[in-house]
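Listed below are the residues making up each chain.
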Amino acid sequence: MSIEPRPRPPLGHLEQWPKGTSRDGWELWKLEFKMPQISSGEAGQGRLIYLINFIEKKVGFIWIYTHAEFEKRPPDKNLKLLLLEIMDNYELSDESKNLDDSGDDETGKDQVGENKSNDSQGA
């Protein structure tokens, strides 16, 4: 996955987004693979639904299942909740990382203010 997150069919393909979940910079994919320890045929074939953030070049796993568990894929309402949670959390963590890098957060200001007040008391 780290080398080629977009495998060609029949191994992998773009998956249709549940209504209201698609976002710019993201792709939804499904990977199909053999699972020899499970029954043969389509029922034993593993499936992995995952997200690719092609701007940040990151992959996030959403759901792994077999055809025996879900004939097509997990229900859209369940996928929608997971997709939105993962993408929202990613965006929030990215924003907080940008705040940490800027040095403009309140903690940084407090530490600078404390150092100044301690220096003036000692003089």
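Residues numbered from 1 in each chain as written. Predicted model: local features only at pLDDT ≥ 70, side-chain atom pairs only at ≥ 80, totals over all residues. Heavy atoms only, no water.

Now for unusual backbone geometry. Positioned with a positive phi, Lys 57 is a non-glycine residue whose angle comes to about 60°. In this structure, Lys 57 sits in the loop between strand E3 (45-53) and strand E4 (58-66). Of the residues examined, Lys 57 reaches a relative accessible area of 74% and is grouped as exposed. (Helix = DSSP H or I, 4+ residues; strand = E, 2+ residues; numbered from the N terminus. Buried < 20%, exposed > 50% of the residue type's maximum accessible area, 1.4 Å probe, protein only.)

Next up on the list: the sheet that holds strand E1 (residues 12-14). Strands sit in the order E1-E2-E3-E4 across an open sheet of four strands; the sheet is antiparallel. Since the sheet does not close on itself, it has two edges, and those belong to E1 and E4, each with one partner. In this sheet, adjacent strand axes meet at a mean angle of 25° when their direction is disregarded. Sheet topology places strand E2 (residues 26-34) next to E3; nine bridges connect them, and they run antiparallel. Pairing of Trp 29 across the sheet is with Tyr 50, part of E3. (Pairing = 2+ DSSP bridges. Axes fitted to C-alpha atoms, helices over the stretch in contact; angles between N-to-C directions.)

Take the pattern of salt bridges next. What the rule picks out here adds up to five salt bridges. For the salt bridge of Asp 76 with Arg 73, the shortest nitrogen-to-oxygen distance reads 2.6 Å. Ionic contacts of the salt-bridge type, sharing partners, join the residues Glu 15, Lys 30, Arg 73 and Asp 76 into one network. (Salt bridge = Lys/Arg side-chain N within 4 Å of Asp/Glu carboxyl O.)

It is worth spelling out the nonpolar core at this point. Trp 17, Trp 26, Leu 28, Ile 49, Leu 51, Ile 62, Tyr 65, Leu 79, Leu 83, Met 87 and Tyr 90 together form the largest nonpolar core, which totals eleven residues. Of all the secondary-structure elements, those providing two or more residues to this core are E2, E3, E4 and helix H1 (76-102). When residues of this core are assigned to their parent elements, the largest contribution, four residues, is made by H1. Setting aside residues up to four positions removed in sequence, Leu 51 forms contacts with Trp 17, Trp 26, Glu 27, Leu 28, Lys 58, Val 59, Gly 60, Ile 62, Leu 83, Ile 86 and Met 87. Residues Trp 29, Leu 31, Leu 48 and Ile 52 belong to the second largest nonpolar core, which totals five residues. (Core = buried A, V, L, I, M, F, W, Y, C linked by side-chain atoms within 4.5 Å. Contact = heavy atoms within 4.5 Å.)

Glancing now at the confidence of the model for the protein chain. Of all residues in the protein chain, 67% have pLDDT values of 70 or greater, and the mean over the chain is 78. The secondary-structure element of the protein chain with the lowest mean pLDDT is helix H2 (residues 106-122), recorded at 45, while E1 shows the highest, at 93. Below a pLDDT of 50 lies the segment residues 105-123, which in the model reaches one contact outside its immediate sequence neighbourhood of four places, other chains included. (pLDDT = per-residue confidence, 0-100.)

We now examine the environment of Lys 19. On the secondary structure map, Lys 19 appears in the loop between E1 and E2. The class for Lys 19 is exposed, based on a relative accessible area of 76%. In sequence terms Lys 19 and Lys 80 are 61 residues apart; their C-alpha atoms lie 7.9 Å from each other.

Okay, the environment of Ile 86 next. By secondary structure assignment, the location of Ile 86 is in helix H1. Each C-alpha atom of the pair Ile 86 and Phe 61 lies 9.4 Å from the other, and the pair is 25 residues apart in sequence. If sequence neighbours within four positions are ignored, Ile 86 has contacts with Leu 51, Phe 61 and Ile 62.

What follows covers the pairing of E2. In terms of residue burial, E2 counts as a mostly covered element, since seven of its nine residues are buried. Pairing of E1 with E2 involves three bridges; the strand directions are antiparallel. Bridge pairing links Gly 12 to Leu 31 in E2.

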